[in-house]
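Secondary and tertiary structure notes
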Amino acid sequence: MKKRTLLMSALALATATATLSGAAHAQDFPPKKPVTLVVGFAAGGAADAAARLIAKKLGENIGQSVVVDNKGGAGGSIGADAIAKAAPDGYTIGMATVSTHGANPALYAKLPYDAVKDFAPITNVMSVPSVFVVHPGVPARTMQEFIALAKAQPGKYTFASPGTGSLGHANIENFMHLAGIELLHIPYKGAGQAMTDALAGQVNAMTDNLPSTLPNIQSGKLRPLAVLALKRSPVLPDVPTSPELGYPGMGDGGWFGLVAPAGTPKEIVTRLNAAAHKAMAMPDYLEKQRSISGESMANTPEQFARQIQAAIERYTAVAKRAHIRLD
């Protein structure tokens, strides 16, 4: 009985010590050192642009600099793994995307991180829509016309993707299922090569982030038929969304949110959530966000966690139907 009492006392002391330690870390955050925001993609892309925009304003609101660290490769998985394995003290956070925390967990047989268990969601930050485009040589000016063409000649029309298992591949596989059409997939080694052949008319269609596609739309080199987002884009007000066309199962488009390593004290997560929301309401932030075709997507940690889970479930279903499984 005495040994049991001593054991219970030791466990209680350890729990109290851990609780006090977590509280101390939360009180210390953030004056000691800069915060690192890890992005799993190279500089210059949509994820990087979103990260640098929120980092500047987040730093102003917490009174400490927030430094962006690009760790690109493996579809964002290298960066996501670095976030997951960082100390849960608030000084390393990361950018979660619909690729790293939606498509990748569904499409890859082995990932070095668990998109749910290894992270503490902070808030979603920004949605940046994808756009479905066709070459002007395709005799379709609306999505309904394109679907009719594809149904009349299954397998004739081609679509480009940045590679097998990429988000662009998964999105069009999902669309084919929902629309009841069959397109021929042409995978490339990156979005740049896919775009080059789409512009040349070597492939008929593709999806890509709106910011990178917009110049070619505005010049008439590509024709937009649908936007993958919950609402129409201000820069393409005449182009319908997937839900408007009757395909809500396409999801909520591309998004970029903030996560911390699992175990980060709740007080720190709450503080970062409030600071990010304050940033997303600043007029100069909103102006710059519009310049990259972004829309604010602020939510609570719990809501962001549900959004991540919904993305994983959606792309898991796509992967099973299309028999996509990558090592």
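A brief structural summary. This one's a predicted model, so the numbers in the text were calculated from it and none came from an experiment.

**With respect to the pairing of strand β9 (residues 223-228)**
Counting buried residues in β9 gives six out of six residues, a clear majority hidden from the surface. Strand direction decides the pairing type here: strand β5 (residues 130-134) and β9, joined by five bridges, are antiparallel. Bridging across to β9, S130 finds its partner in L228.

**Observations regarding helix α6 (residues 167-179)**
For α6, which comprises 13 residues, the first-to-last C-alpha distance of 18 Å matches the rise-based estimate of 18 Å (1.5 Å per residue) to within 8%. Across the 13 residues of α6, eleven count as buried, placing the element largely inside the fold. Of the residues making up α6, those classed as buried are L167, G168, H169, A170, N171, I172, E173, N174, F175, M176 and A179. Taken from the residues just after α6, G180 is the one with a positive phi, measuring 70°.

**Let's talk about the pairing of strand β4 (residues 119-128)**
In terms of burial, β4 is largely enclosed, as ten of its ten residues are buried. Direction of pairing for β4 relative to strand β10 (residues 254-261): antiparallel, over a ladder of eight bridges. In the sheet register, T123 faces β10, and the bridge partner there is L258. Direction of pairing for β4 relative to strand β11 (residues 295-296): antiparallel, over a ladder of two bridges. Across the sheet, residue M126 finds its bridge partner in β11, namely S296.

**Focus on the environment of K71**
Mapped onto the secondary structure, K71 falls in the loop between β2 (66-70) and α3 (77-84). With a relative accessible area of 32%, K71 lands in the partly exposed category. Along the chain, K71 and G40 lie 31 residues apart, while their C-alpha atoms are 4.9 Å from each other. Not counting residues up to four positions away in its chain, the partners in contact with K71 are V38, V39, G40, F41, I78, G79 and A82. A polar contact of 3.4 Å, which involves the side chain of K71, links it to the side chain of D69.

**Notes on the packing of helix α4 (residues 99-107) against helix α11 (residues 301-322)**
Running from N to C, α4 and α11 cross one another at 35°; their axes reach a closest spacing of 7 Å. Of the two possible hands of crossing, α4 and α11 adopt the one that is right-handed. Contacts between α4 and α11 involve H101, G102, A103, P105, A106 and L107 on the former and, on the latter, I308, A311, I312, Y315, T316 and A319. For the contact of α4 with α11, the per-class residue count stands at nine nonpolar, three polar and no charged.

**Some details on the sheet that holds strand β8 (residues 205-209)**
Pairing within the open sheet is mixed, and its five strands lie in the order β7-β6-β8-β5-β9. The outermost strands of the open sheet, each flanked by one partner alone, are β7 (184-187) and β9. Strand after strand, the sheet turns through a mean of 30° between neighbouring axes, direction not considered. The strands that α6 touches are β5, β6 (158-161), β7, β8 and β9; relative to β6, the one it contacts most, it runs at about 150°. Relative to the sheet, helix α8 (residues 210-218) contacts β5, β8 and β9, its axis offset from that of β8 by approximately 125°.

**What about the nonpolar core?**
Nonpolar side chains in soluble globular proteins tend to end up buried together. In this structure, L37, I54, L58, I93, L258 and Y285 are the most contacted members of the largest nonpolar core, which totals 35 residues. Listing elements by their share of this core, those giving two or more residues are β1 (35-39), α2 (46-62), β2, β3 (92-97), β4, β10 and α9 (266-279). Grouped together as the second largest cluster of nonpolar side chains are 26 residues, A80, V259, A311 and I324 included.

**What to know about α9**
Think of an α-helix as 3.6 residues a turn; residues three or four steps apart then line up on the same face. Over its 14 residues, α9 runs 20 Å from end to end, which matches the ideal 20 Å to within 8%, given 1.5 Å per residue. When we look at burial in α9, the residues that qualify are I268, V269, L272, N273, A275, A276 and A279.

**Examining the sheet that holds β3**
Two orientations exist for strands paired in a sheet by backbone hydrogen bonds: parallel and antiparallel. With mixed pairing, the six strands of this open sheet are ordered in space as β2-β1-β3-β10-β4-β11. Each end of this open sheet is capped by a strand with a single partner; those strands are β2 and β11. Pairing analysis gives three bridges linking β1 to β3, with the strands arranged parallel. Counterpart to L37 in the pairing with β3 is I93. Against the sheet, α11 engages β3, β4 and β10, with an angle of about 75° to β4.

Cut-off values and rules
Residues numbered from 1 in each chain as written. Predicted model: local features only at pLDDT ≥ 70, side-chain atom pairs only at ≥ 80, totals over all residues. Heavy atoms only, no water. Buried < 20%, exposed > 50% of the residue type's maximum accessible area, 1.4 Å probe, protein only. Helix = DSSP H or I, 4+ residues; strand = E, 2+ residues; numbered from the N terminus. Pairing = 2+ DSSP bridges. Expected span 1.5 Å × (residues − 1). Contact = heavy atoms within 4.5 Å. Polar contact = N/O pair within 3.5 Å; in protein donor to acceptor, adjacent residues only side chain to side chain. Axes fitted to C-alpha atoms, helices over the stretch in contact; angles between N-to-C directions. Left-handed = near helix turned anticlockwise from the far one by under 90°. Nonpolar A, V, L, I, M, F, W, Y, C, P; charged D, E, K, R; others polar. Core = buried A, V, L, I, M, F, W, Y, C linked by side-chain atoms within 4.5 Å.

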